[in-house]
Amino acid sequence: MAQILQSLNREWSTIADSPAACRALMRWSAAHPVLMPAANLDEVIALGYRPEGPEIRRALAALSPGELLAARTLLQELLGGLCNLAQRIGRDEDAVGDIVGLAWERIRTYPSHRPGSVSGNVMLDVGKRYRRQHDRTEPLAGGGNSAQLEPSAEDQVLHVAFFEDLAAASAENGVSGQVLDTILRSRVRGESMAELAAEQQVPIKVLWHRRWRAEARLRDLPLAS
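This report concerns the structure included in the present document. Since the model is a prediction, treat every value here as computed from it, not as a measurement.

So, on to the overall build of the protein. Along the backbone of the protein there are twelve helices and zero strands. Beginning at the N terminus, the succession of helices and strands in the protein can be written as α-α-α-α-α-α-α-α-α-α-α-α. By the burial criterion, 42% of the 225 residues in the protein qualify as buried. Considering only intrachain contacts with a sequence separation of at least 6, the fraction spanning at least 24 residues in the protein is 64%. Counting only carbon and sulfur atoms, one obtains 55% of the accessible surface of the protein, whose full area is about 12,400 Å².

The angle between the axes and the distance between the axes are what describe a pair of packed helices. Where helix α5 (residues 68-89) meets helix α6 (residues 95-108), the closest approach of the two axes is 8 Å, and the angle between their N-to-C directions is 140°. Judged by the angle between their axes, α5 and α6 are oblique. α5 and α6 meet at a crossing whose hand is right-handed. Here L68, A71, R72, L74, L75, L78, L79, L82, L85, A86 and I89 of α5 come into contact with α6, specifically with A95, V96, I99, V100, A103, W104, I107 and R108. When its residues are assigned to classes, the contact of α5 with α6 shows 17 nonpolar, no polar and two charged.

With the rule as written, the count across this model stands at one aromatic pair. Between the aromatic rings of W104 and W212, the centroid separation amounts to 5.6 Å while the plane-to-plane angle is 55°, which identifies the pairing as tilted. Highlighted residues: W104 in helix α6 and W212 in helix α12 (residues 204-218), separated in sequence by 108 residues. Owing to a relative accessible area of 7%, W212 belongs among the buried residues under this scheme.

You will see that Q201, though not glycine, has its phi angle at about 60°, which is positive. Q201 sits in the exposed class, given a relative accessible area of 74%.

About the thresholds
Throughout this description, residue numbers start from 1 for each chain and increase along the sequence as written. With pLDDT at 70 or above as the cut-off, local features in this predicted model cover only qualifying residues; side-chain atom pairs require 80 or more to be listed or tallied, and sums for whole chains, interfaces and linings still use all residues. Heavy atoms throughout the structure, all of them, feed into the side-chain values; hydrogens and water do not. In this description a helix means any DSSP run of H or I spanning at least four residues, a strand means any run of E spanning at least two, and both kinds are numbered starting from the N terminus. A 1.4 Å probe rolled over the protein chains alone gives each residue an accessible area, and that area as a share of the maximum for its type sets the label: buried under 20%, exposed over 50%, partly exposed in between. Two residues form a contact once any of their heavy atoms are found within 4.5 Å. In this description, accessible areas are obtained by the Shrake-Rupley approach with a 1.4 Å probe, and a residue is regarded as covered only by the protein chains that are shown. Comment: axis = line fitted to C-alpha atoms, over the contacting stretch for helices; angle = value between 0 and 180 degrees taken between N-to-C directions. Orientation categories follow fixed angle ranges, with anything under 35 degrees roughly parallel, anything over 145 roughly antiparallel, 65 to 115 roughly perpendicular, and all other angles oblique. Note: crossing handedness is left-handed where the near helix turns anticlockwise from the far helix by less than a right angle, and right-handed where it turns clockwise. The nonpolar class holds Ala, Val, Leu, Ile, Met, Phe, Trp, Tyr, Cys and Pro. Asp, Glu, Lys and Arg form the charged class, and all remaining residues, Gly among them, are polar. Side-chain rings of Phe, Tyr and Trp, where Trp is taken by its six-membered ring, are said to pair if the distance between their centres is within 6.5 Å; with planes under 30 degrees apart they count as stacked, over 60 as edge-to-face, and otherwise as tilted.

As structure tokens, this is what we get:
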């Protein structure tokens, strides 16, 4: 099992029936009665395997943009499907982590009135984004024309300004420079998390957890939206 999945499952075991989770579930059930039969978040996930499963996921998706715990519950329910997706389309050892990260972003911004299956829509969107990201980082056939890829002077200035703003906002929100560097090198430049972990002399599961937590914070920043 990928380290990110082990980390998520351990985290889930501590929050699924916590007092905060139970209070949140009571609040959600008032707005979404389909959740009322569940006494804790594990039971919410269990309801997802019953005929009312699509409505359970739709309720969680509607709550997710404003309720971090609802988004985390929906992510936990979709982990199995996300792992299968990573096995089908993954292009490197970081595929599971990349796909889980994309799924989290999609869940947190899920359109409340979007028709169709929530799980199907999330898998479709994540698959498309994953392929687009990797297609951009793969070399062009025949070498391509490097002049066409050279950014303009204006673009370079804007990129520098953006990353300066991102670095400042990251520091203000508790994301260290080293963790931000890990995000940029793994997400933008496509460097291996295993190699970055070795470089920083930390277990890869620690680096996964640091990146996961930092990205969750950065997604809520205006400049990252």
